[in-house]
Amino acid sequence: MTNQIEIRCSKETDALELEEISSLCFSEPWKAQDFLDTMRLSNARIFFSFYKESVIGYVVLYFAADEGEIPSIAVRTEFARQGAASLLMQEVLVLAEIKQLGKIFLEVRRSNCAAIGLYVKNGFICVGERCDFYRNPTEDALLMMCPLTLL
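Residues numbered from 1 in each chain as written. Predicted model: local features only at pLDDT ≥ 70, side-chain atom pairs only at ≥ 80, totals over all residues. Heavy atoms only, no water.

Participant: Break down the packing of aromatic side chains for me, citing the residues and quoting the values.
Facilitator: Following the criterion strictly, the structure yields six aromatic pairs and no others. For the pair W30 and F35, a centre-to-centre distance of 5.1 Å together with 45 degrees between the ring planes defines the contact as tilted. Like F35, W30 is buried. Geometrically, the ring pair formed by F133 and Y134 is edge-to-face, given 5.0 Å between the ring centres and 85 degrees between the ring planes. Its relative accessible area of 35% is what places F133 among the partly exposed residues. Through successive ring pairs, a cluster of aromatic residues spans W30, F35 and Y58. (Phe/Tyr/Trp six-rings, centres within 6.5 Å; stacked < 30°, edge-to-face > 60°. Buried < 20%, exposed > 50% of the residue type's maximum accessible area, 1.4 Å probe, protein only.)

And the structure:
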């Protein structure tokens, strides 16, 4: 299915669809205004994946100096494990190379084995923990980092 999934940068007209995906995937979702605010930043990008003209996932990347942070990545449940998140991560890594980032950080729920597997597959390693980082339900986060080689 991955050959039928397309990736592109988000536009302001995508904010409501991005909010919908976030609300389906997270107990504390981003709102449309959060996405709009992020789209207007020069040091951020939001990529989204779509399939047959429907938005099915997104990833947010902030970057400053030589570091990046992924504060949110989500894929609609019915499209999980079909390659959309991997394609989004690949797009982040391409942008990281263009921006000459040395590393990218993210937090993930300790219990989210599928996401942890995706991140490890894309070069992330666990570098720490954040106790009680998440709410609804309360859970620790693993702090993960992807060390990038600058060419």
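Participant: Give me the pairing of strand β7 (residues 139-147): which residues, what numbers.
Facilitator: With seven of nine residues buried, β7 is to be regarded as a mostly interior element. Judged from the seven bridges that link them, strand β5 (residues 103-109) and β7 form a sheet pairing that is antiparallel. Following the sheet pairing, F105 is matched in β7 by M145. In this antiparallel pair of consecutive strands, strand β6 (residues 125-134) and β7, the connection spans four residues, and N136 shows a positive phi of 55 degrees. (Helix = DSSP H or I, 4+ residues; strand = E, 2+ residues; numbered from the N terminus. Pairing = 2+ DSSP bridges.)

Participant: I'd like a description of the packing of helix α1 (residues 15-25) against helix α2 (residues 32-39), backed by residues and values.
Facilitator: Two numbers describe how α1 lies on α2: the axes approach to 8 Å, and their chain directions differ by 125 degrees. Comparing the axis directions of α1 and α2 gives the class oblique. The hand of the α1/α2 crossing is right-handed. Mapping the contact onto sequence places A15, L16, L18, E19 and S22 in α1 and A32, F35, L36 and M39 in α2. Across the contact of α1 with α2, the residue classes tally to seven nonpolar, one polar and one charged. (Axes fitted to C-alpha atoms, helices over the stretch in contact; angles between N-to-C directions. Parallel < 35°, antiparallel > 145°, perpendicular 65-115°, else oblique. Left-handed = near helix turned anticlockwise from the far one by under 90°. Contact = heavy atoms within 4.5 Å. Nonpolar A, V, L, I, M, F, W, Y, C, P; charged D, E, K, R; others polar.)

Participant: Give me the lowdown on the sheet that holds β6, citing residues and values where you can.
Facilitator: Within a beta sheet, neighbouring strands are joined by backbone hydrogen bonds and run either parallel or antiparallel to one another. Strand order in the open sheet made by the seven strands is β1-β2-β3-β4-β5-β7-β6, with mixed pairing throughout. Edge positions in the sheet fall to β1 (5-9) and β6, since each of these pairs with one other strand and no more. Across the sheet, the mean angle separating the axes of adjacent strands is 25 degrees when strand polarity is ignored. Both strand β3 (residues 54-64) and strand β4 (residues 67-75) contribute to a ladder of seven bridges, which runs antiparallel. Along β4, the bridge assignment pairs A64 with E67.

No statement about biological role is implied by the geometric values presented.
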